[in-house]
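So you can see what is in the structure, the chains are spelled out below.
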Amino acid sequence: MDSTTKKVRPGGASVLDLDLKATVGGGVEDAYGEDRATEDQLVTPWTVSVASGYSLLRDPHHNKGLAFTFKERDAHYIRGLLPPVVMSQELQVRHISSVFWSFSLSLVIIILLNFSNLTYSGEETVAQYPPVSTPTAEVHGLDGPCGDFLTPHCFPVVETERNERLFYKLLINNVEELLPVVYTPTVGEACQKYGSIFQRPQGLYISLKEKGKILEVLKNWPERSIQVIVVTDGERILGLGDLGCQVNGMGIPVGKLALYTALGGVRPSSCLPITIDVGTNNEKLLNDEFYIGLKQRRATGKEYADLLEEFMSAVKQNYGEKVLIQFEDFANHNAFDLLAKYGTTHLVFNDDIQGTAAVVLAGLVGALKLLGGTLGDHKFLFLGAGEAGTGIAELIALEMSKQTKAPVEETRKNIWLVDSKGLIVSSRKDSLQPFKKPWAHEHPPVTTLLDAVKAIKPTVLIGTSGVGSTFTKEVVEAMAEFNEKPLILALSNPTSQSECTAEEAYKWTQGRAIYASGSPFAPVEYNGKVHVPGQANNAYIFPGLGLGLVISGAIRVHDDMLLAASEGLAGQVTKENCEQGLIYPPFTNIRKISAHIAANVAAKVYELGLASRLPRPENLLKHAESCMYTPNYRTYR
Ligand SMILES: O=C([O-])CC(=O)C(=O)O
Ligand SMILES: [Mg+2]
């Protein structure tokens with residue numbers, strides 16, 4: 001062998017230089033290309049090591065706090081770093097739960113910190129959070145020190161930072177109470193107020209500065225086996241508008257993915273939150289010296305489309321065909337285009353358009369048990385003709401069309417939408433955005449919601465405009481005039497943007513309304529009867545939908561899968577729920593509900609031939625349940 005044909009690796013070993021580019025293989029699933037890389041190609045030097053001692057207690061994936069046994073403490077060099085008691089996970093959860101509800105959150109934080117890592121300074125963390133009092137705190141009676149001292153959102157954030165399994169166990173065991181804390185509405189407030197407090201990375205930031213390097217950026221994320229990505233560009237965060245990159249620790253994608261794990265059983269390490277930063281048009285943020293995002297106006301047109309295209313290609317190249325990408329809180333003008341463009345090449349869905357649609361359709365099916373009749377017997381009026389409004393409207397029309405065999409163009413005629421310019425009617429057609437055009441029916445112009453209610457006489461009123469307090473007393477009273485049981489869905493988030501509160505809906509209809517909202521409301525007593533409002537939030541759907549797509553190895557999302565998800569949810573509404581006026585099952589059973597949704601979705605994926613995990617398991621419900629991540633501690637050797 002001629003020495004000139006040898007190359008010397010940095011480690012000193014020599015290899016044959018026989019056209020390495022063509023002959024060196026990395027093996028199947030060498031996704032990162034490290035093994036097949038030639039010597040002149042750059043690779044990411046990832047290492048895997050066993051955590052022990054002090055660093056084990058600081059590793060949230062493996063930390064068990066006081067649950068480490070003495071055998072484990074000796075084997076992993078942590079004896080003495082923890083106080084002498086050994087506490088089971090169940091006891092840890094019980095302890096936190098009891099403290100959580102009977103004392104104050106500030107105290108909880110300190111206890112959690114003790115559980116998780118004794119060297120951590122609680123005061124430091126707590127001091128980072130400015131005073132705030134949240135609607136959640138009010139809903140749950142968590143006043144006092146919690147309100148003055150820190151935001152409840154800080155509680156789970158701190159918790160995941162210390163002990164992931166304890167956090168998920170706590171969340172699963174107390175889902176109804178904690179959902180509003182990790183998720184809507186508190187997450188919205190956290191995004192608005194705490195954008196400048198950057199903690200450790202909880203997801204990836206991809207800005208215009210990363211153009212041309214997005215694949216490299218993805219490789220910087222420590223986990224490789226990614227199954228679900230939630231991505232936002234921050235332009236329409238809930239009903240709060242353009243918050244740019246102001247998503248502290250990426251509130252929205254992180255919050256959604258926490259629910260993928262807690263409610264849908266998707267492994268936390270396979271979830272990747274991503275915030276895309278193309279600038280912001282929010283003047284306040286642009287003028288804020290502490291703003292953490294790009295200080296420029298939003299990129300649009302080709303510049304925006306090119307960045308998104310690079311992102312979508314890099315995701316597919318890095319994680320393959322089966323990674324699910326959930327678009328979240330994009331503005332209308334991008335959301336529909338992105339969904340149409342990538343729906344045929346990637347496994348994508350838009351939670352605000354499709355997730356919300358599936359959950360509302362399920363609620364309507366539940367409501368029919370109370371109201372009687374079929375979907376086709378009802379008339380729907382929406383305030384808001386954006387992603388949620390048109391998405392829900394389309395899915396209702398599709399389901400009606402399936403039920404009645406009438407073409408969807410016909411069934412759409414039972415559905416009317418009002419936007420900021422009034423009722424959408426045919427005379428406005430030329431000036432309407434494309435996604436609104438199918439809803440421009442024949443009718444004289446009507447400018448206000450109240451007049452539209454009087455003219456259309458809907459049986460169902462749905463608010464999706466992101467603007468609060470728009471279902472006024474007059475509007476709700478008008479609904480109650482010609483409906484024995486008016487169905488009122490105030491879907492805008494967070495609580496401040498609700499079209500009307502639960503109390504208003506019941507009061508203004510003398511307790512006759514069937515009411516559900518996007519953000520949670522506490523039960524209301526009216527005339528001696530307790531009314532329990534439902535929460536029509538996409539959190540019911542996306543975790544189960546995602547699980548169904550992942551377990552079947554789906555490669556595309558089809559409308560029929562959304563209908564299957566919706567049916568899966570509707571099927572979980574019991575007779576007792578209906579008797580209480582509830583159109584959704586309680587969140588307490590959400591893991592079971594998610595498994596049913598996942599099984600229904602997976603069945604549809606197999607039926608449509610879009611599944612890549614073969615053969616199809618016989619019992620999909622059992623299979624879905626068996627695939628769900630449970631956060632119980634594992635024993636270490
Ligand atoms: O996050 C939520 O609670 C529901 C949702 O997607 C939105 O309002 O944009
Ligand atoms: Mg959303």
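Residues numbered from 1 in each chain as written. Chains lettered and ligands numbered in written order. Predicted model: local features only at pLDDT ≥ 70, side-chain atom pairs only at ≥ 80, totals over all residues. Heavy atoms only, no water.

Draft legend 1. The arrangement of the overall build of the protein in detail. Helix and strand counts for the protein stand at 28 helices and 16 strands. Counting all 637 residues of the protein, 58% fall into the buried class. Of the contacts formed within the protein by residues at least 6 apart in sequence, a portion of 70% connects residues at least 24 apart. Summed over its atoms, the accessible surface of the protein is roughly 26600 Å², and 53% of this surface lies on carbon and sulfur atoms. (Helix = DSSP H or I, 4+ residues; strand = E, 2+ residues; numbered from the N terminus. Buried < 20%, exposed > 50% of the residue type's maximum accessible area, 1.4 Å probe, protein only. Contact = heavy atoms within 4.5 Å. Areas by Shrake-Rupley, 256 points an atom, 1.4 Å probe, with all protein chains shown as cover.)

Draft legend 2. Quick peek at the UniProt feature "domain: Malic enzyme NAD-binding" (unreviewed entry) in the protein. Under the feature "domain: Malic enzyme NAD-binding" (unreviewed entry), the UniProt entry names residues 353-606. This span, residues 353-606, is 44% helix and 12% strand, and a straight line between its end C-alpha atoms measures 24 Å. (UniProt positions renumbered as here; feature names shortened; annotations may be inferred.)

Draft legend 3. Highlighting the site of ligand 1. Near ligand 1 you find Tyr183, Thr184, Arg236, Leu238, Lys256, Glu328, Asp329, Asp351, Asp352, Asn493, Asn537 and Asn538, and these make up its full shell. Within the side chain of Arg236, an N or O atom sits 2.7 Å from an oxygen atom of ligand 1. Contact between ligand 1 and Lys256: an oxygen atom at 3.0 Å from a side-chain N or O atom of the residue. Relative to its free-state accessible area of 260 Å², ligand 1 is covered by the protein chains to the extent of 93%. Counting atoms within 2 Å of the grid points, the majority share of ligand 1 lands in the second largest pocket. Here the shell around ligand 1 is composed, by residue class, of two nonpolar, four polar and six charged. (Near = heavy atom within 4 Å. Polar contact = N/O pair within 3.5 Å; in protein donor to acceptor, adjacent residues only side chain to side chain. 1 Å grid on protein atoms, 1.4 Å probe; cavity = no way out; pocket = protein on both sides within 12 Å on 5 of 7 lines; lining within 4 Å. Sits in = over half its atoms within 2 Å of the grid points. Nonpolar A, V, L, I, M, F, W, Y, C, P; charged D, E, K, R; others polar.)

Draft legend 4. Broad picture of the environment of Val365. Following the sequence through the fold, Val365 ends up in helix α18 (residues 351-371). A relative accessible area of 30% means that Val365 is categorised as partly exposed. On a C-alpha basis, the gap between Val365 and Leu208 in space is 44 Å, while along the polypeptide they are 157 residues apart.

Draft legend 5. Quick peek at the packing of helix α21 (residues 449-456) against helix α22 (residues 473-482). Axis separation between α21 and α22 bottoms out at 9 Å; the angle between their running directions is 5°. Between α21 and α22, the crossing angle belongs to the class labelled roughly parallel. Two secondary-structure elements touch here, α21 through Leu449, Leu450 and Val453 and α22 through Glu474, Val475, Ala478, Met479 and Phe482. Broken down by class, the residue content of the contact of α21 with α22 amounts to seven nonpolar, no polar and one charged. (Axes fitted to C-alpha atoms, helices over the stretch in contact; angles between N-to-C directions. Parallel < 35°, antiparallel > 145°, perpendicular 65-115°, else oblique.)

Draft legend 6. Here's a closer look at the sheet that holds strand β16 (residues 534-535). Strand order in this open sheet of seven strands is β10-β9-β8-β11-β12-β13-β16, and the pairing throughout is mixed. Every interior strand has two partners, whereas the edge strands, β10 (422-423) and β16, have only one. Taken together, the four bridges between strand β8 (residues 380-383) and strand β11 (residues 460-463) define a ladder with parallel strand orientation. Bridging from a neighbouring strand, Phe380 pairs with Val460 of β11. The sheet strands contacting α18 are β8, β11, β12 (487-490) and β13 (514-517), and the helix crosses β12 at an angle near 155°. (Pairing = 2+ DSSP bridges.)

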